[in-house]
Amino acid sequence: MKAASVVANILKREGVEFLIGYPVNQIIEAAAEVDIRTIIVRQERTGLHMADAVSRVTSGDRIGVFAMQHGPGTENSFGGVAQAFGDSVPIVVLPGGYPRKLLNITPNFSSFLNYQHVTKWAEQVVLPESVPDAMRRAFTQVKNGRPRPVLVEIPVDVMREEVPDGWQYKPTPKLRVAPDPKSVSEVAAALVGAERLVIYAGQGVHYAKAWKQLRELAELLEAPVTTSLQGKSAFPESHPLSLGSGGRSISKQLHQFLKDADLIFGIGCSFATTNYGVTMPKGKRYAHATLDPLDINKDVPVELALAGDAALTLDALLLEVRDRLKGKPRGRGPAVTAEIKRLKDEWMAEWMPRLTQKTTPLSPYRVLWDLMHTVDVANTIITHDAGSPRDQISPFWECTTPLSYIGWGKTTQLGYGLGLAMGAKLAHPDKLCINVWGDAAIGFTGMDFETAARERIPILTVLLNNFSMAIELKVMKAATEKYRSTDISGNYADFAKALGGWGERVTQPDDIVPAIKRAMAKTREGTPALLEFITEKAEDFSIFG
Ligand SMILES: Cc1ncc(C[n+]2csc(CCOP(=O)(O)OP(=O)(O)O)c2C)c(N)n1
Ligand SMILES: [Mg+2]
């Protein structure tokens, strides 16, 4: 069997159902031969984002795989892999490599060398008989430890060569690591001892599927819960103990509770400093439970730490905390939830005029508010993009079910959201999958709306068109006044139609909901829909301090 076919057979054994890619890469043809659906994108970056979402929305049970050609394909893919690395997403990247006689000779692009810093594992296979070993190593790495991209570069001439008969491959294991019981006791004692505890949950809770345990711990301790953007939807945001999610913009209740906390317990999070995450206040006591010790004491100095899988960590903590509390809450709940409610009511009263505004151009807040009240939130997977749309949606979109929101932003590549929605739809065809983006964001990956139409991936894409890079207005005053440098333009509803999808431009407040309903109906018929809302250049965000 040829090396490319061996790779395809191994993907099959690892449960891979579709290979996303861009030619030429012989693995694509070999995958089709063994009935792995091949999905061809318009540019590599979007394909990587799709693979990324497959892994995210399945808690890594299914690993997204992407294949591209050597040279231009590998050069052009960098953004997609870097984004997955930044946000710690497990994907398998299978670049072709230059033939061995040219491999590693300048100026030929070496994936092995160039992707070192955006993968957790990168290998170059120079012998066909090494393919099964390399794939075993890659899949073991991608499924275990901290999730991040892995890469196996196979030169085109190696792909064509025969792997000697007798090669073997067994699907690799997915292992879980439990924390040290001594550290568990220390953290449990601190959690019980705290007067104003805040729990901060990251995406580790999603990957460990530890949603139930998180809720149990919060209810037992009667402690408020927030999440990182990546962890958003790990805790029901309609729950009386929810403070909403962290991000660049946040709720008033989150701001206040963090300020007043005496202990912040991070579970399954990195605590990495970022503009797109809530700033962790200085001078607090921190307890940090996370899978990768690399993150401990990195950005936030912590008093207590635990290393391990979030589900096993929470299981262990629950036993200890239950024991210390004699099995039941202490009766703090009503006071805590009343305080959250009071702050939430105040905050919502401030924002309600924007969320229900009747003006034209439309308030982006009104569009997103109406969207949330029209779709079935529990059965929707939604993602933001970089720019104002992220900060307009993330504090107000109230998630009720796990993995119903794909939050991101350790790095913030404009245009990421489209591929995420498409990957989510591939993994969960029964759900409504939406990306919300601005008119700058669509400039990066918009052509892949054609992929959604051609490959029958009926997503809903919500475009907030303000004919501007509004988020840059404050920092580009002179460039805007003199040279109109933040202006952009386009008719994206027509664009969507030209690419084979449904497109509609919405300008009036009363048309928002009917248009959303029409677009949803189109997605149910199998057609991707783009709703272009003409919005104001909003510059107000729920940002504190
Ligand atoms: C690839 C990339 N380049 C640059 C940026 C910096 N950036 C963030 S948002 C933004 C403009 C966003 O404009 P738009 O999508 O129209 O949203 P708006 O703020 O207008 O609502 C820019 C240039 C980025 N996030 N990604
Ligand atoms: Mg814009």
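Going by the structure above, here's the rest.
So, here is what we can say about the structure in this document. (Residues numbered from 1 in each chain as written. Chains lettered and ligands numbered in written order. Predicted model: local features only at pLDDT ≥ 70, side-chain atom pairs only at ≥ 80, totals over all residues. Heavy atoms only, no water.)

1. Quick notes on the sheet that holds strand β5 (residues 121–124)
Adjacent strands of a sheet form backbone hydrogen bonds with each other and so pair up, either parallel or antiparallel.
Turning to step 1, where the next piece is worked out: Pairing is parallel in the open sheet, where six strands are placed in the order β2-β1-β3-β4-β6-β5. The strands lining the two open edges of the sheet, one partner per strand, are β2 (37–40) and β5. In this sheet, adjacent strand axes meet at a mean angle of 20° when their direction is disregarded.
Turning to step 2, where the next piece is worked out: Examined bridge by bridge, strand β1 (residues 18–21) and β2 share four bridges and lie parallel to one another. Considered in β2, the bridge of G21 is made with I40. (Pairing = 2+ DSSP bridges. Helix = DSSP H or I, 4+ residues; strand = E, 2+ residues; numbered from the N terminus. Axes fitted to C-alpha atoms, helices over the stretch in contact; angles between N-to-C directions.)

2. Quick look at the packing of helix α1 (residues 3–13) against helix α7 (residues 131–143)
For any two helices packed against each other, the geometry is given by the interaxial angle and the distance between the axes.
Turning to step 1, where the next piece is worked out: Direction vectors running N to C along α1 and α7 enclose 35°, while the axes themselves pass 10 Å from each other. Like other packed secondary-structure pairs, α1 and α7 cross with a definite hand, here right-handed. Taking contact as the criterion, the partners of A3, V6, V7, I10 and L11 in α1 are, on α7, V131, P132, M135 and F139. (Left-handed = near helix turned anticlockwise from the far one by under 90°. Contact = heavy atoms within 4.5 Å.)

3. What about helix α14 (residues 333–355)?
Turning to step 1, where the next piece is worked out: In the structure, α14 departs most strongly from a straight axis at A349, where the bend amounts to approximately 35° and where the proline P353 lies between one and four residues downstream.
Turning to step 2, where the next piece is worked out: Listed in full, the buried residues belonging to α14 are G333, V336, I340, L343, W347, M348, W351, R354 and L355.
Turning to step 3, where the next piece is worked out: Packed against the buried residues of α14 are β9 (242–245), α12 (252–260) and α15 (364–372). (Bend = angle between axes of the 7 residues up to and from the residue. Buried < 20%, exposed > 50% of the residue type's maximum accessible area, 1.4 Å probe, protein only.)

4. Structural notes on the coordination of the magnesium ion (ligand 2)
Turning to step 1, where the next piece is worked out: Coordination of the magnesium ion (ligand 2) by the protein involves D439 (OD), N466 (OD1) and S468 (O), with metal-donor separations of 2.0 to 2.1 Å.
Turning to step 2, where the next piece is worked out: On the primary sequence, the residues serving as donors to the magnesium ion (ligand 2) are separated as D-x26-N-x1-S.
Turning to step 3, where the next piece is worked out: Residue classification places N466 among the buried positions, given a relative accessible area of 11%. (Donors = N, O, S within 2.8 Å, 3.2 Å for Na, K, Ca; no water.)

5. Brief notes about the packing of helix α9 (residues 181–193) against helix α13 (residues 310–324)
Turning to step 1, where the next piece is worked out: Running from N to C, α9 and α13 point in directions that differ by 50°, and their axes come no closer than 9 Å. One finds that α9 runs oblique with respect to α13. α9 and α13 meet at a crossing whose hand is right-handed. Mapping the contact onto sequence places V184, S185, V187, A188, A189, L191 and V192 in α9 and A316, L317, E320, V321 and R324 in α13.
Turning to step 2, where the next piece is worked out: Counted by class, the contact of α9 with α13 contains nine nonpolar, one polar and two charged residues. (Parallel < 35°, antiparallel > 145°, perpendicular 65-115°, else oblique. Nonpolar A, V, L, I, M, F, W, Y, C, P; charged D, E, K, R; others polar.)

6. Looking at the environment of H384
Turning to step 1, where the next piece is worked out: You can see H384 is positioned in the loop between β13 (380–383) and α16 (388–393).
Turning to step 2, where the next piece is worked out: The class of H384 is buried, set by a relative accessible area of 0%.
Turning to step 3, where the next piece is worked out: Taking C-alpha positions, H384 is 9.5 Å from A421, a pair spaced 37 residues apart along the chain.
Turning to step 4, where the next piece is worked out: Within the local environment of H384, its side chain forms a polar contact with the side chain of Y405, the two groups lying 2.7 Å apart.
Turning to step 5, where the next piece is worked out: Here W408 takes part through its backbone oxygen, which lies 3.2 Å from a polar atom of the side chain of H384. (Polar contact = N/O pair within 3.5 Å; in protein donor to acceptor, adjacent residues only side chain to side chain.)

7. Things to note about the site of ligand 1
Turning to step 1, where the next piece is worked out: Within the structure, ligand 1 sits among 18 residues, and S388, T412, D439, S468 and A470 are positioned closest to it.
Turning to step 2, where the next piece is worked out: One of the backbone nitrogen or oxygen atoms of T412 is found 2.6 Å away from a nitrogen atom of ligand 1.
Turning to step 3, where the next piece is worked out: Here an oxygen atom of ligand 1 and a backbone polar atom of A440 are 2.9 Å apart.
Turning to step 4, where the next piece is worked out: In isolation ligand 1 has 590 Å² of accessible area, and contact with the protein removes 78% of it.
Turning to step 5, where the next piece is worked out: Taken together, the residues of the shell around ligand 1 break down into nine nonpolar, seven polar and two charged. (Near = heavy atom within 4 Å. Areas by Shrake-Rupley, 256 points an atom, 1.4 Å probe, with all protein chains shown as cover.)

8. Some words on the side chain of Q392
Turning to step 1, where the next piece is worked out: By the secondary structure assignment, Q392 is in helix α16.
Turning to step 2, where the next piece is worked out: We classify Q392 as buried; its relative accessible area is 4%.
Turning to step 3, where the next piece is worked out: Leave out the neighbours within four places in its chain, and Q392 touches P364, Y365, L368, L464, A538 and F541.

9. Looking at the packing of aromatic side chains
Turning to step 1, where the next piece is worked out: Applying the stated rule across the entire model yields nine aromatic pairs.
Turning to step 2, where the next piece is worked out: Considering the side-chain rings of F271 and Y286, the 5.5 Å spacing of their centres and the 80° angle between planes classify their relative orientation as edge-to-face. One end of the pair, F271, is in the loop between β10 (263–267) and β11 (285–290); the other, Y286, is in strand β11, and 15 residues separate them in sequence. In this pair, the class of F271 matches that of Y286, namely buried.
Turning to step 3, where the next piece is worked out: With a centroid separation of 4.8 Å and 5° between ring planes, the pair formed by W347 and F396 is classed as stacked. Taken together, the positions of W347 in helix α14 and F396 in the loop between α16 and β14 (405–406) put the pair 49 residues apart, joining distant regions of the chain.
Turning to step 4, where the next piece is worked out: Residue F396 is classed as buried on the basis of its relative accessible area, which comes to 9%.
Turning to step 5, where the next piece is worked out: Linked through ring pairs, W347, W351, Y365 and F396 together constitute an aromatic cluster.
Turning to step 6, where the next piece is worked out: Across from the ring centre of F85, 4.0 Å away, lies the NZ or CZ of R148, which sits over that ring.
Turning to step 7, where the next piece is worked out: Here R248 stacks its cationic end above the ring of F541, 5.3 Å away from the centre of that ring. (Phe/Tyr/Trp six-rings, centres within 6.5 Å; stacked < 30°, edge-to-face > 60°. Lys NZ or Arg CZ within 6 Å of the ring centre and 35° of its normal.)

10. Things to note about unusual backbone geometry
Turning to step 1, where the next piece is worked out: Along the chain, P23 connects to V24 via a cis peptide bond; the corresponding omega equals 5°.
Turning to step 2, where the next piece is worked out: The phi angle at L403 is positive, at roughly 60°, despite the residue not being glycine.
Turning to step 3, where the next piece is worked out: With a phi close to 50°, F467 is a non-glycine residue in the positive phi region.
Turning to step 4, where the next piece is worked out: For F467, the position within the fold is in the loop between β16 (460–465) and α20 (477–483).
Turning to step 5, where the next piece is worked out: Take F467: its relative accessible area is 29%, and that puts it in the partly exposed class.

11. Details of the pattern of salt bridges
Turning to step 1, where the next piece is worked out: Under the criterion given, the structure shown has 46 salt bridges.
Turning to step 2, where the next piece is worked out: With a closest N to O distance of 3.6 Å, K212 and E216 form a salt bridge. Separated by four residues within a single helix, K212 and E216 lie in helix α11 (residues 211–221), roughly one turn from each other.
Turning to step 3, where the next piece is worked out: Relative accessible area serves as the criterion here: at 62%, K212 is assigned to the exposed category.
Turning to step 4, where the next piece is worked out: The partner of K497 in a salt bridge is D494, with the nearest N and O atoms 3.8 Å apart. With a gap of three residues between them, K497 and D494 both fall in helix α21 (residues 492–498), about one helical turn apart.
Turning to step 5, where the next piece is worked out: By relative accessible area, which is 47% here, K497 ends up partly exposed.
Turning to step 6, where the next piece is worked out: The network of salt bridges with common partners includes R37, R42, E450, R454 and E455. (Salt bridge = Lys/Arg side-chain N within 4 Å of Asp/Glu carboxyl O.)

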